Amino acid sequence: MKSITRKKFLKTTALGSLGVISLPLTCMPKARSSEDVVVGAHPWVYAANLPNYDITPKLEQIFADMSYAGMEGVELMHHPLRSSEATQKIGELSEKHDLPVIGTSYGAPMWNRQKHSEILEDAETIITNLASVGGRTLGTSVGNTEGRKTPEQLDAQAELLQTLIAICEDNGVVLNLHNHTYEVEDDMHDLLGTLERLPGTPLGPDLNWLIRGA
């Protein structure tokens, strides 16, 4: 049996624990070969047991662990980007660990027209703060309902997405549709309903959720 150093063990463990993602060159601020694949990670494993999945208390550990594991970027969860103080901390940690912020995931019940004003205000703050720390992608989930979404609900979420896409573009951010199971279950009723209304919207598929929803 081959021996393994503690450092190699920790790196292997970290890679297995983190939600690893790969993104094209255009998402990253560092100059790289056009053939390189950038490997980044999402901190879901840290958020899973935190209240409201808010990773703010774990930011220092997240950046330190991902940097040590050899990640080339981090896709945040949106909660700390609601705060200017936490956003400043993210910028400092990104610089300290030489670990660029790729973007953030973001989800809200966009199908609910009564919540549009609230969601819009929240998302605009997050997008602006994300851009300030170099983030370039907003992995967006539209929210689930108890049953099959109606055409009116699909219309509502598409209208809000269109507004968010424009805000993202103004801040140099690209919105992509990040799926959970509910977007791809039922013959992809939800996802296809969005794409029929907003054709050409970039996709940010999560392979684990795709498998679960198949």
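Think of each chain on its own: its residues are numbered from 1, step by step along the sequence as written. With pLDDT at 70 or above as the cut-off, local features in this predicted model cover only qualifying residues; side-chain atom pairs require 80 or more to be listed or tallied, and sums for whole chains, interfaces and linings still use all residues. Hydrogens and waters are ignored; side-chain quantities use all the structure's heavy atoms.

Considering the nonpolar core
By size, the foremost hydrophobic cluster in this structure holds 42 residues, and its most contacted members are F63, V74, L76, I90, V101, Y106 and M110. Note on contacts: a residue pair qualifies if any of its non-hydrogen atoms lie within 4.5 Å across the two residues. With residues near it in sequence (within four places) discarded, M110 still touches H116, I119, T140, S141, V142, A156, Q157, L160, L161 and L164. Buried Ala, Val, Leu, Ile, Met, Phe, Trp, Tyr and Cys residues form a nonpolar core when they are joined through side-chain atoms within 4.5 Å. Here the term buried applies to any residue with accessible area under 20% of the maximum for its type, exposed to any over 50%, and partly exposed to those in between, with areas from a 1.4 Å probe on protein chains only.

Here's the deal with the packing of aromatic side chains
Think of it this way: a Phe, Tyr or Trp ring, Trp meaning its six-membered ring, pairs with another when their centres are within 6.5 Å, and the plane angle makes it stacked under 30 degrees, edge-to-face over 60, tilted otherwise. Tallied over the full model, the rule gives one aromatic pair. Here W44 and Y53 contribute two aromatic rings whose centre-to-centre distance is 5.0 Å and whose plane-to-plane angle is 55 degrees, an arrangement assigned as tilted. The exposure class assigned to Y53 is partly exposed, which follows from its relative accessible area of 41%.

Concerning empty space enclosed by the protein
A water-sized probe, rolled over the atoms, reveals where empty space remains. Each cavity reported here is a set of points on a 1 Å grid over the protein atoms alone in which a 1.4 Å probe fits but cannot get out, each pocket an open set with protein on both sides within 12 Å along at least five of seven lines, and each lining residue one with an atom within 4 Å of a point. Grid points are joined across faces, edges and corners, and a volume is the space filled by probe spheres set on the points. This model, assessed by the stated rule, comprises one cavity of 30 Å³ or more. Estimates place the volume of the largest cavity at around 60 Å³. Taken together, T140, V142, L177, H178, N179, E183, D190, L191 and T194 make up the lining of the largest cavity. Per-element accounting of the lining of the largest cavity gives the leading share, four residues, to helix α7 (residues 181-197). Under the scheme applied, nonpolar residues are Ala, Val, Leu, Ile, Met, Phe, Trp, Tyr, Cys and Pro; charged residues are Asp, Glu, Lys and Arg; polar residues are all the others, including Gly. In terms of residue class, the lining of the largest cavity is made up of three nonpolar, four polar and two charged. A run of H or I in DSSP becomes a helix once it reaches four residues, and a run of E becomes a strand once it reaches two; helices and strands are each numbered from the N terminus.

A word on a negative patch on the surface
Nonpolar side chains (Val, Leu, Ile, Met, Phe, Trp, Tyr) within 5 Å and like charges within 9 Å form the patches, drawn only from residues with over 30% relative accessible area and no salt bridge. The Shrake-Rupley method, run with a 1.4 Å probe, gives the accessible areas here. Residue values count only the displayed protein chains as cover. Basic side-chain nitrogens of Lys or Arg form a salt bridge, by our definition, when they fall within 4 Å of a carboxyl oxygen of Asp or Glu. His is not counted, nor are the chain ends; Lys and Arg add positive charge and Asp and Glu add negative charge. Taken as the charge centre is NZ of Lys, CZ of Arg, CG of Asp or CD of Glu, depending on the residue. A cluster of acidic residues, E118, E121, E124, E169 and D170, forms a negative patch at the surface. For the negative patch, the elements supplying multiple residues, two or more each, are α5 (116-132) and α6 (151-170). Looking at the negative patch, the element that brings in the most residues is α5, giving three residues. Topologically, E118 is positioned in helix α5. Overall, the relative accessible area of 54% leaves E118 in the exposed class.

Points about the pairing of strand β6 (residues 174-177)
We treat two strands as partners when DSSP finds at least two bridges between them. The pairing of strand β5 (residues 137-141) with β6 spans four bridges and is parallel. The partner of G139 across the bridge, within β6, is N176. The parallel pair β5 and β6, bridged by α6, forms a crossover whose chirality is right-handed. Here is how to tell: hold the view so the strands point away, follow the path from the first strand over the helix to the second, and if it runs clockwise the crossover is right-handed.

Examining the environment of L76
Its place among the elements puts L76 in strand β3 (residues 74-77). Residue L76 is classed as buried on the basis of its relative accessible area of 0%. For the pair formed by L76 and I55, sequence separation is 21 residues and the distance between their alpha carbons is 8.6 Å. The residues touching L76, leaving out its near neighbours within four places in the chain, are H42, P43, I55, F63, L81, I90, V101, G103, T104 and S105.

Considerations on the side chain of E183
Within the element layout of this structure, E183 appears in helix α7. Put simply, E183 is tucked away with no salt bridge, and the nearest opposite charge, on K149, sits 6.3 Å away. Polar contacts, as counted here, are pairs of nitrogen or oxygen atoms within 3.5 Å of one another; within protein the pair requires one atom able to donate a hydrogen and one able to accept it, and residues that are adjacent in sequence qualify only if both atoms are side-chain atoms. Of the polar contacts made by the side chain of E183, one reaches the backbone nitrogen of V142; its length is 3.5 Å. A distance of 3.2 Å separates a polar atom in the side chain of E183 from a polar atom in the side chain of Y182.

Concerning the confidence of the model for the protein
For the protein, per-residue confidence averages 86 on the pLDDT scale, and residues scoring 70 or more make up 82% of the total. The quantity called pLDDT is the predictor's confidence in a given residue, expressed from 0 to 100. Note on residues 1-17: pLDDT under 50 across the span, and ten contacts to partners over four residues away in sequence or across chains. Confidence over residues 22-31 falls short of pLDDT 50; this stretch has 20 contacts with residues more than four positions distant or in other chains.

Concerning the environment of L130
Topologically, L130 is positioned in helix α5. Judged by its relative accessible area of 0%, L130 falls in the buried class. For the pair L130 and C168, spaced 38 residues apart in the sequence, the C-alpha separation amounts to 9.9 Å. Excluding its chain neighbours within four sequence positions, the residues that come into contact with L130 are L81, V101, G103, T104, G135, T137 and V173.

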